[in-house]
Amino acid sequence: MNTTLTASVIALAASAVTAHAETLTISWWGYNGDKLDANLIAPFKEKCGCDVVFETGNNADRLGKLTARGGKGVDVIFLTDAYSQVGIENGVFQEFDRSKLENIDDIYEIARDPQGGYGPAYTVGRIGIVYDADKVEPITSWDDLWRADLEGMVSLPNITTTAGPMFVVQAGNHAGVDAYEDADATFDAIAEIEPNVVKNYNTGSEMVNLFSTGEVSVTMTQDFTLRSLQEAVPTVTWAELEDGDIAVLNTVNIPTGAENVDLAYEFIDYLLSTEVQQLEAEQGVDAPINMNVELEPEQAALWTYGQEAIDSLITMDYAAMNAARTDWIDRWNEIFGM
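If you're wondering where the values come from, they're calculated on a predicted model, not measured in any experiment. (Residues numbered from 1 in each chain as written. Predicted model: local features only at pLDDT ≥ 70, side-chain atom pairs only at ≥ 80, totals over all residues. Heavy atoms only, no water.)

Engineer: Honestly, the pattern of salt bridges in this entry has me stumped. Any pointers?
Structural biologist: Should their charged atoms come close, side chains of opposite charge can pair. Under the criterion given, the structure shown has 12 salt bridges. With a shortest N-O distance of 3.7 Å, Arg147 and Asp144 are connected by a salt bridge. Judged on exposure class, the residue Arg147 and its partner Asp144 are both buried. One network of salt bridges, in which partners are shared, links Arg126, Asp223 and Asp245. (Salt bridge = Lys/Arg side-chain N within 4 Å of Asp/Glu carboxyl O. Buried < 20%, exposed > 50% of the residue type's maximum accessible area, 1.4 Å probe, protein only.)

Engineer: I would appreciate a short explanation of the domain arrangement of the protein in the present structure.
Structural biologist: Frequently, the measure chosen for interface size is the accessible area that the parts lose on association. We note that the domain assignment places domain 1 (23-124 + 248-312) and domain 2 (125-246 + 317-337) within the protein. Put simply, the middle of domain 1 and the middle of domain 2, counted by C-alpha atoms, are 27 Å apart. The interface is formed by 15 residues belonging to domain 1 together with 14 residues belonging to domain 2. Both sides together, the interface formed by domain 1 and domain 2 hides about 1,200 Å², and carbon and sulfur atoms give 47% of it. If you sort the residues of domain 1 by the area they bury against domain 2, Ala82, Val248 and Leu302 come out on top, with a joint share of 41%. (Domains from an automatic or database assignment. Contact = heavy atoms within 4.5 Å. Buried area = accessible area lost by both parts, 1.4 Å probe.)

Engineer: Any chance you could explain helix H3 (residues 59-68) here in plain terms?
Structural biologist: Helical geometry note: an α-helix holds 3.6 residues per turn, so side chains three or four residues apart project in the same direction. Within H3, burial applies to Asn59, Arg62, Leu63 and Leu66. Down the axis of H3, the smallest arc covering the buried residues is 95 degrees, so these residues share one side. Check the buried side of H3 and you find it contacts strand E1 (23-28), strand E2 (51-56), strand E3 (76-80) and helix H4 (81-89). Between a side-chain oxygen at the N-terminus of H3 and the backbone nitrogen of Ala60 the separation is 3.2 Å; the capping residue is Asn58. Once H3 ends, the next one or two residues include Gly70, with phi positive near 65 degrees. (Helix = DSSP H or I, 4+ residues; strand = E, 2+ residues; numbered from the N terminus. Arc of directions from axis to C-beta. Polar contact = N/O pair within 3.5 Å; in protein donor to acceptor, adjacent residues only side chain to side chain.)

Engineer: I would appreciate a short explanation of the layout of surface pockets in the present structure.
Structural biologist: Put simply, the largest pocket is a space of about 1,200 Å³. Where the lining of the largest pocket is concerned, the elements lending two or more residues are H3, strand E4 (121-132), helix H8 (204-212), strand E7 (218-222), helix H9 (226-232) and strand E9 (246-253). A class-by-class count of the residues in the lining of the largest pocket yields 19 nonpolar, 20 polar and four charged. When residues of the lining of the largest pocket are assigned to domains, at least three fall in each of domain 1 (23-124 + 248-312) and domain 2 (125-246 + 317-337). (1 Å grid on protein atoms, 1.4 Å probe; cavity = no way out; pocket = protein on both sides within 12 Å on 5 of 7 lines; lining within 4 Å. Points joined across faces, edges and corners; volume = space filled by probe spheres on them. Nonpolar A, V, L, I, M, F, W, Y, C, P; charged D, E, K, R; others polar.)

Engineer: Would you explain the packing of helix H7 (residues 183-193) against helix H14 (residues 318-336) in this entry?
Structural biologist: Axis angle and axis distance: for two packed helices, these are the angle between their axes and the distance between the axes, and together they describe the pair. Where H7 contacts H14, the two axes come as close as 10 Å, and the packing angle between them is 30 degrees. Judged by the angle between their axes, H7 and H14 are roughly parallel. Note on packing geometry: the crossing formed by H7 with H14 is right-handed. When H7 is examined against H14, the residues Ala183, Asp184, Phe187, Ile190 and Ala191 are found in contact with a partner set consisting of Asp327, Trp328, Arg331, Trp332, Ile335 and Phe336. Within the contact of H7 with H14, the residues separate by chemical class into eight nonpolar, no polar and three charged. (Axes fitted to C-alpha atoms, helices over the stretch in contact; angles between N-to-C directions. Parallel < 35°, antiparallel > 145°, perpendicular 65-115°, else oblique. Left-handed = near helix turned anticlockwise from the far one by under 90°.)

Engineer: Can you help me understand empty space enclosed by the protein in this one?
Structural biologist: The gaps left among the atoms become clear once a water-sized probe is rolled over them. Taken as a whole, this structure holds one cavity of 30 Å³ or more when the rule is applied. In this structure, the largest cavity encloses a volume near 80 Å³. Residue lining of the largest cavity: Trp28, Trp29, Gly30, Tyr31, Leu36, Phe78, Tyr122 and Asp286, and that is the complete set.

Engineer: What's the story with the environment of Gln230 in this structure? I'm lost.
Structural biologist: Turning to its location among the elements, Gln230 is positioned in helix H9. With a relative accessible area of 33%, Gln230 lands in the partly exposed category. For the pair Gln230 and Val208, spaced 22 residues apart in the sequence, the C-alpha separation amounts to 9.2 Å.

Engineer: When you look at helix H10 (residues 261-271) in this model, what are you seeing that I'm missing?
Structural biologist: Extensive coverage of H10 is indicated by the burial of eight of its 11 residues. Among the residues making up H10, those that are buried are Leu263, Ala264, Tyr265, Phe267, Ile268, Asp269, Tyr270 and Leu271. In the core, the buried residues of H10 are packed alongside E1, helix H2 (33-48), E3, E4, E9 and helix H11 (274-282).

Engineer: Looking at this model, I keep getting lost on the packing of aromatic side chains. Mind explaining?
Structural biologist: For any two aromatic rings, the description comes down to two numbers: the centre-to-centre distance and the angle of the planes. Throughout the structure, instances matching the rule amount to 11 aromatic pairs. Between the aromatic rings of Phe96 and Tyr265, the centroid separation amounts to 4.9 Å while the plane-to-plane angle is 55 degrees, which identifies the pairing as tilted. One end of the pair, Phe96, is in the loop between H4 and helix H5 (109-112); the other, Tyr265, is in helix H10, and 169 residues separate them in sequence. For the residue pair Phe96 and Tyr265, the accessibility class agrees, reading buried in each case. (Phe/Tyr/Trp six-rings, centres within 6.5 Å; stacked < 30°, edge-to-face > 60°.)

Written as structure tokens, this is what we have:
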């Protein structure tokens, strides 16, 4: 028997078993599961010869679990940028090596390094204002939320939601100050809008219900809710704001305790590919961040799409926002009686 040949065969077999047994653990929200499996997970598993398992839940729960485990147990984590900033500050993400991604130059610049050395964004959304055009005159700026004719017609996102602190920033702009530098003037402006506000909502479904029952006619929300709003109230319109919508970037990061770092980079690169981004956009899963994606007008209408739309977005300083959050929550609750 050729012992050298036998040893080589055994080594190759062992290597194949190890590769087949390699498992990528992904932490994400878990919605649109069927489409994501068809467009992303199944073809990636075939490509890598690996298995993929998931940890699902909302941003806060999943980030809390990862932090409690010291950054272990997950290879890739999907989070909105507000929460990924918290993860960065908690030290649970690795610094990101963009040289390992072939597709990084194909995505919009805003998405390549949105948080200073950590993971890229894989989709971009926008937070803006929607209104029932049958009941409300056109809204063209953030300042319009303070209009006297909107008394008793507005719902705002609660301060503990993703969008709540963003409204505080806009209230500072309305007052002519930097919300981080002059909280007194900012919250004076929020007190001024209180008569217009029927209720602060905590979830997207709650907000849609407020529109469907006719309790409110104006709100601040993220673009992915527009389809549900228009199904409930067909006259709901996305406001064209002269001062711009707010960018929301969904990011992917590799935790400090990831066991399959190379596979994580391979997965993120595939997520950013034109092939995957095209399918996700066409099927209504996520707005494309890859500049090579081409959509028909009716497909593009769902998304923040194209360089002009990207350039018009307002970005948030999440580090400053997180530092101010406790004070802002207290001040907000004093006004709205939470």
